[in-house]
Amino acid sequence: MLSQINEGTALPSRFQDGGLFPSTRKLTLTDNLVLFRFRQSHFIGNGLGSHCEHHHVRHLRLHNNPLRTALDWCVSKLPLSFRSFLWNMWPKLFLPSRVLIKLRKPGWDEEFENEIHIYDHLRSLQGTVVPILYGRADSGDVPALILEDVQGVTPVAQQEPYISIDTLRSRLDTAYEALRPLNVMTGEIKLDNILLTKDRVVFVDLERDEIVDCMKSWKLWRRSSIEQLCRYYKIWLKDDCM
């Protein structure tokens, strides 16, 4: 489970460091707070829920001050490779103020490690086709991933006006085409596993993705995956409009 603090609970001493984070006197404990350790640094974040109903995934807003807000903006303008260097070297200073924490599910050790492997293999597509993986963390002694908090929604969580089926198909085609040189097949063909942003599709939940050798089978899978997702979306549109 997530390491959480509720109203009236004292913070562990390692979080009472002042510095770049507010002191406990300035924290509002009416919200659930999530604690995690990342790169030997300890963090506190407000849990903001999730884009799905998965309890092991939480959006977090890290406690910061005006200095951190300014740094967020400056770092966002840097090349991804340099940002990655800063996140790894000085995470408490440069980790974005909005992140997503994804805990390893019980009995999913192999899938957890596979997701890390897939993210590493897709390093060149992080921040576009898949979220940025900032690294591994621990929350309440449970291994976790710290990921980019993508500003998007699943197709079934859209507000009107909905994107058209043709637009979804085009965005999926672009996203899958980006995966082709890296021979990655997404493991679960579900609308919950893609996010729609302003101009693209982002794949999430990569635990069961795999790297394949046969390009012929990849092309067949790509075509069938796009058609299956569009079929699911068409059914959802029909049901939602009834």
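Residues numbered from 1 in each chain as written. Predicted model: local features only at pLDDT ≥ 70, side-chain atom pairs only at ≥ 80, totals over all residues. Heavy atoms only, no water.

**Focus: unusual backbone geometry**
Turning to step 1, where the next piece is worked out: Here Glu160 and Pro161 are connected by a cis peptide whose omega angle stands at 5 degrees.
Turning to step 2, where the next piece is worked out: Mapped onto the elements, Pro161 comes out in the loop between β7 (142-148) and α5 (165-179).
Turning to step 3, where the next piece is worked out: One non-glycine residue, Asn183, adopts positive backbone phi at about 55 degrees.
Turning to step 4, where the next piece is worked out: Within the secondary structure layout, Asn183 lies in the loop between α5 and β8 (184-185). (Helix = DSSP H or I, 4+ residues; strand = E, 2+ residues; numbered from the N terminus.)

**Remarks on α5**
Turning to step 1, where the next piece is worked out: In this model α5 runs 21 Å from its N-terminal to its C-terminal C-alpha over 15 residues, within 8% of the 21 Å that 1.5 Å per residue would give.
Turning to step 2, where the next piece is worked out: Of the positions making up α5, those classed as buried are Leu168, Arg171, Leu172, Ala175, Tyr176 and Leu179. The buried residues of α5 all sit within an arc of 130 degrees when viewed along its axis, so they share a single face. Facing away from the buried side of α5, by more than 90 degrees, are the exposed residues Asp166 and Thr174. (Expected span 1.5 Å × (residues − 1). Buried < 20%, exposed > 50% of the residue type's maximum accessible area, 1.4 Å probe, protein only. Arc of directions from axis to C-beta.)

**Remarks on a nonpolar patch on the surface**
Turning to step 1, where the next piece is worked out: A cluster of nonpolar side chains, Phe82, Phe85 and Met89, forms an exposed patch at the surface whose accessible area comes to about 300 Å².
Turning to step 2, where the next piece is worked out: For Met89, a relative accessible area of 47% corresponds to the partly exposed category. (Patch = residues over 30% accessible without salt bridge, like charges linked within 9 Å, V, L, I, M, F, W, Y side chains within 5 Å. Areas by Shrake-Rupley, 256 points an atom, 1.4 Å probe, with all protein chains shown as cover. Salt bridge = Lys/Arg side-chain N within 4 Å of Asp/Glu carboxyl O.)

**With respect to the environment of Leu33**
Turning to step 1, where the next piece is worked out: With respect to the element layout, Leu33 can be found in strand β2 (residues 33-38).
Turning to step 2, where the next piece is worked out: Between the alpha carbons of Leu33 and Arg61 there is a distance of 9.5 Å; along the sequence they are 28 residues apart.

**Some thoughts on the layout of surface pockets**
Turning to step 1, where the next piece is worked out: Taken as a whole, the largest pocket spans an internal volume of roughly 360 Å³.
Turning to step 2, where the next piece is worked out: For the lining of the largest pocket, the secondary structure elements donating two or more residues are α1 (66-76) and α2 (80-89).
Turning to step 3, where the next piece is worked out: At three residues, α1 tops the list of elements feeding residues into the lining of the largest pocket.
Turning to step 4, where the next piece is worked out: Across the lining of the largest pocket, the residue classes tally to seven nonpolar, three polar and six charged. (1 Å grid on protein atoms, 1.4 Å probe; cavity = no way out; pocket = protein on both sides within 12 Å on 5 of 7 lines; lining within 4 Å. Points joined across faces, edges and corners; volume = space filled by probe spheres on them. Nonpolar A, V, L, I, M, F, W, Y, C, P; charged D, E, K, R; others polar.)

**Quick look at the pattern of salt bridges**
Turning to step 1, where the next piece is worked out: Per the stated rule, a full pass over the model turns up 15 salt bridges.
Turning to step 2, where the next piece is worked out: Across the salt bridge formed by Arg37 and Asp138, the nearest N and O atoms sit 3.1 Å from each other. Taken together, the positions of Arg37 in strand β2 and Asp138 in strand β6 (residues 133-139) put the pair 101 residues apart, joining distant regions of the chain.
Turning to step 3, where the next piece is worked out: Given a relative accessible area of 34%, Arg37 falls into the partly exposed group.
Turning to step 4, where the next piece is worked out: A residue is classified by how much of its surface remains accessible, and Asp138, at 26% relative accessible area, is partly exposed.
Turning to step 5, where the next piece is worked out: For the salt bridge of Asp149 with Arg98, the shortest nitrogen-to-oxygen distance reads 3.3 Å. Separated by 51 residues along the polypeptide, Asp149 in the loop between β7 and α5 and Arg98 in strand β5 (residues 98-103) bring together distant segments of the chain.
Turning to step 6, where the next piece is worked out: By relative accessible area, which is 8% here, Asp149 ends up buried.
Turning to step 7, where the next piece is worked out: Connected through shared salt-bridge partners, Lys102, Glu115, Asp205 and Glu207 make up one network.

**Focus on the nonpolar core**
Turning to step 1, where the next piece is worked out: Residues Leu122, Leu168, Leu172, Tyr176, Leu179, Val201 and Phe203 are the most contacted members of the largest nonpolar core, which totals 37 residues.
Turning to step 2, where the next piece is worked out: Those elements that provide at least two residues to this core are α4 (109-121), β7, α5, β8, β9 (194-196), β10 (201-203) and α6 (215-241).
Turning to step 3, where the next piece is worked out: It is α6 that provides the largest number of residues to this core, a total of eight residues.
Turning to step 4, where the next piece is worked out: Excluding residues within four positions of it along the chain, Leu168 makes contact with Ile163, Ile194, Leu196, Val201 and Tyr233.
Turning to step 5, where the next piece is worked out: With 16 residues, the next largest nonpolar core counts Leu95, Val99, Ala137 and Val142 among its residues. (Core = buried A, V, L, I, M, F, W, Y, C linked by side-chain atoms within 4.5 Å. Contact = heavy atoms within 4.5 Å.)

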